[in-house]
Structures are given as C-alpha cells and as structure tokens.
Amino acid sequence: GGGGGGGRGGAVAEGAAIRMLFDGECALCKREVAFLRGRDEGAGRIDFVDIAAPDYDPAANQGLSYEAAMEEIHAILPDGTVVRGIEVFRRLYEEVGLGFVYAATKNEAVERAANRVYGFWARFRMQLTGRGDMAAVLAKRAAGDASTCRQGVGGGEPGAGSPP
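Relative to the helices and strands, Ala52 is located in the loop between strand 2 (46–50) and helix 2 (66–71). Overall, Ala52 belongs to the buried group, its relative accessible area being 1%. In this structure, the C-alpha to C-alpha distance between Ala52 and Asp23, residues 29 residues apart in sequence, is 5.7 Å.

Here's what the structure looks like:
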C-alpha cells in the first residue's frame, strides 16, 4: 500500500532522491510503480505520490495540478526542481541501479526523440488503456467518481519498459 497524496509540506520524503508523481488509476502506471518499488527494496530512494488519491495536494507538490500531472509524468527533486518526461524515467531508473536502460537519453537528440515518442504515449494512454479521453477522465473526477479504472495488477509484478 502507500503512495498517498500529500501532507508532506512540499518536501520530498526524507532520504529520497526523487518524488515520482503517478496515476494510481492507470494499470500500466501501477505496474511500473510496483516494479520500481521492488527495485528500490525499501531503501526509500523514490518517494511515490499517487495523483489520483483523494488527498492529492498540488500545494504539497510544487503546485502541480491533477490535470497537469495527468498530461505527462512529473517528478520533484529534493531541491524542489520539477522534471518531466523521459528525464523522469532516466532519474528513476538511475536510482534503482538500472540507469543503463535510459542512459542514451542523456544525449539531447536522443532525449528529444524519446520525448516525442513518450508525448504521443502520454497523450493517448487513457484511450489505449480503455479509460476514454482526458476530458472524460476529468469529467468523472469532477463528478466524484474516483473509482474509474482502479484496476489491480497483482502483487509486485515487474513492469519494466512500460512507461506510466
């Protein structure tokens, strides 16, 4: 369990190197989080925050609204810097000893290309996973239906290679 929404005063959890904002209503995202949690092995290097949790607080997360966080993956560094897109995956994988997976994206041209591919995925991930478009998800959330697509993924199944 875990991965609440806020109440941390905006700071990354003590000892963590990065805070990952993730969509807890997305089965693929939850698989990636389960994989990263398993690789983190309780070390607490990654501070996971579920943006879909009822207590998600933008003020505790550098002002990132639910809508902004849904558009693409975001992470927050201990100094408050917000990173987005492929850089998030690169930093997360570095923290769990798999930096080689995204190492090529340190090259600016490769990172730009990877961000284009990721941007396409981020834009259409809800339709591709059967949740409808962003407008539908936001409308359901506004109507108070937080049960949209809270699918289980099994206990700690690895999800390497599938971007949240």
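Now, onward.
For Glu41, which is not glycine, the phi dihedral falls at a positive 50°. The topology assignment puts Glu41 in the loop between helix 1 (27–40) and strand 2. Classification of Glu41 by relative accessible area gives exposed; the value is 68%. In this structure, Gln62 takes a positive phi of about 55° despite not being glycine. With relative accessibility at 40%, the residue Gln62 sits in the partly exposed group.

Note on soluble globular proteins: their nonpolar side chains tend to be buried together. Membership of the largest hydrophobic core comes to 24 residues, with the highest contact counts inside it found for Met20, Leu36, Ile46, Phe48, Leu92, Tyr93 and Tyr118. The set of elements that each furnish at least two residues to this core consists of strand 1 (18–22), helix 1, strand 2, helix 3 (86–95) and helix 4 (108–128). Here this core takes 5 residues from helix 3, the largest share from any one element. Residues within four places of Ile46 in sequence aside, it is in contact with Ala16, Ile18, Met20, Leu36, Asp40, Leu92, Glu95 and Val96. Membership of the second largest hydrophobic core comes to 12 residues, among which are Val12, Ala52, Ala69 and Ile76.

Once that is clear, we can look at the sheet that holds strand 2. Strand pairing in a sheet relies on backbone hydrogen bonds. The paired strands run either parallel or antiparallel. Within the open sheet, the 4 strands sit side by side as 2-1-3-4. Their pairing is mixed. If you trace the sheet from one side to the other, it starts and ends with strand 2 and strand 4 (82–84), each paired once. Going from strand to strand, the sheet's axes swing by 25° on average, the running direction of each strand aside. In this structure, strand 3 (residues 74–76) lies alongside strand 4, joined through 3 bridges in antiparallel fashion. For His74, the partnering residue across the bridge sits in strand 4 and is Arg84. Contacting strand 1 and strand 2, helix 1 runs over the sheet at an angle of about 155° to strand 2.

One pair of aromatic rings is described through two measures. These are the centre distance and the angle between the planes. Scanning the model with the defined rule gives 4 aromatic pairs in all. Centroid distance Phe89 to Tyr102: 5.8 Å. Interplanar angle 15°. Geometry classified as stacked. Separated by 13 residues along the polypeptide, Phe89 in helix 3 and Tyr102 in the loop between helix 3 and helix 4 bring together distant segments of the chain. Judged by relative accessible area, Tyr102 falls into the buried class, the value being 13%. Ring centres of Tyr93 and Tyr102 lie 5.1 Å apart, and the angle between their planes is 70°; this geometry places the pair in the edge-to-face category. Per residue, the accessibility class of Tyr93 equals that of Tyr102, and both read buried. Put simply, the rings of Phe35, Phe89, Tyr93, Tyr102 and Tyr118 touch in pairs and so form one group of aromatic residues. Here the basic side chain of Arg37 rests over the ring of Phe48, its NZ or CZ set 4.6 Å away from the ring centre.

The rules behind each value
- Residues numbered from 1 in each chain as written.
- Predicted model: local features only at pLDDT ≥ 70, side-chain atom pairs only at ≥ 80, totals over all residues.
- Heavy atoms only, no water.
- Helix = DSSP H or I, 4+ residues; strand = E, 2+ residues; numbered from the N terminus.
- Buried < 20%, exposed > 50% of the residue type's maximum accessible area, 1.4 Å probe, protein only.
- Core = buried A, V, L, I, M, F, W, Y, C linked by side-chain atoms within 4.5 Å.
- Contact = heavy atoms within 4.5 Å.
- Pairing = 2+ DSSP bridges.
- Axes fitted to C-alpha atoms, helices over the stretch in contact; angles between N-to-C directions.
- Phe/Tyr/Trp six-rings, centres within 6.5 Å; stacked < 30°, edge-to-face > 60°.
- Lys NZ or Arg CZ within 6 Å of the ring centre and 35° of its normal.

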